[in-house]
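Each chain, written out:
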Protein chains: 2
Amino acid sequence: MSDFQIEIIGLIAAAFTTIAFVPQVIKISKKRTAKGVSITMYVIMFVGICFWFCYGVLINSISVITANLISGILQLFIIIFALIHRNNN
Amino acid sequence: MSDFQIEIIGLIAAAFTTIAFVPQVIKISKKRTAKGVSITMYVIMFVGICFWFCYGVLINSISVITANLISGILQLFIIIFALIHRNNN
């Protein structure tokens, strides 16, 4: 398998795990409540994503870098949304 | 930076993004409701995790393999829990 083909698999993986956060963003923004959403989870995950990003840079993996850059931004949105609407329970 | 040091960063990243799902599992199991939790999100993410696992194997990254093996199992638990308790809204 060529490096290019491997990177395609990585980018498919990245697309799925990144898109995964979109329904949660829509759910929170529609219902204006983050009830049931664990803010702790998103904060811990955000820290992890920062480490993954560094790891991606160090191993030169375009997939790891792209995935964690985009989902890091999405996670930040969820955290901010959840914090703003956490009293709407 | 040695390969060993790089892998340590990857494993720290893996630890954070894996542990991140634990509070959500506890929250769902305690409240016996998955209200606010997007099942769609976890299903899409689970598919992505399967691709990440393959990618990890292909690039020989212990961190990517470990992270996605463990969080894949945790995700499955969340999905099953959420499906069982989704009527408890």
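Attention here is on the structure that accompanies the text. Remember, predicted model here, so these are calculated numbers, not experimental data. (Residues numbered from 1 in each chain as written. Chains lettered and ligands numbered in written order. Predicted model: local features only at pLDDT ≥ 70, side-chain atom pairs only at ≥ 80, totals over all residues. Heavy atoms only, no water.)

1. With respect to the nonpolar core
Worth spelling out the cut-off: Buried residues of nine kinds, namely Ala, Val, Leu, Ile, Met, Phe, Trp, Tyr and Cys, make up a nonpolar core once their side-chain atoms join them within 4.5 Å. Relative accessible area decides the class of each residue, using a 1.4 Å probe on protein chains only: under 20% of the type maximum gives buried, over 50% gives exposed, and in between gives partly exposed. Secondary structure elements are taken from DSSP: a helix is a run of H or I of four residues or more, a strand is a run of E of two residues or more, and numbering for both begins at the N terminus. Residues count as neighbours in contact if any of their non-hydrogen atoms are within 4.5 Å of one another.
Residues Phe21, Met41 and Tyr42 of chain A together with Phe21, Met41 and Tyr42 of chain B are the most contacted members of the largest nonpolar core, which totals 25 residues. Per element, the largest residue contribution to this core is five residues, and it comes from helix 3 (residues 39-58) of chain A. Sequence-distant contacts of tyrosine 42 of chain B, that is, excluding residues within four places in its chain, are made with Met41 of chain A together with Phe21, Gln24, Val37, Gln75, Ile78 and Ile79 of chain B.

2. Structural notes on the interface of chain B and chain A
Put simply, the rule is: Once two parts are joined, some of their accessible surface, as seen by a 1.4 Å probe, is lost; buried area is that loss totalled over both. Whenever a carboxyl oxygen of Asp or Glu lies within 4 Å of a side-chain nitrogen of Lys or Arg, that contact is scored as a salt bridge. Pairs of N or O atoms within 3.5 Å make up the polar contacts considered here, provided that, within protein, one atom can donate a hydrogen while the other can accept it, and that residues adjacent in sequence are counted only when both atoms are side-chain atoms. Under this grouping Gly is polar, as are all residues other than the nonpolar Ala, Val, Leu, Ile, Met, Phe, Trp, Tyr, Cys and Pro and the charged Asp, Glu, Lys and Arg.
On the side of chain A, 38 residues touch chain B, which itself brings 38 residues to the contact. For the pair chain B and chain A, the two sides together bury roughly 3300 Å², of which 78% comes from carbon and sulfur. Of all residues in chain B, Met41, Trp52 and Tyr55 of chain B give up the largest surface area on contact with chain A, accounting jointly for 19% of the area buried on that side. In this structure, the connection of chain B to chain A is made through zero salt bridges. Inspection of the region where chain B meets chain A yields six residue pairs in polar contact (both at pLDDT 80 or more). Elements with a contribution of two residues or more to the side of chain B that touches chain A: helix 1 (3-19), helix 2 (21-31), helix 3 (39-58) and helix 4 (62-84) of chain B. If you tally residues by element for the side of chain B that touches chain A, the top one is helix 3 of chain B, at 13 residues. Partitioning the side of chain B that touches chain A into residue classes produces 26 nonpolar, nine polar and three charged.

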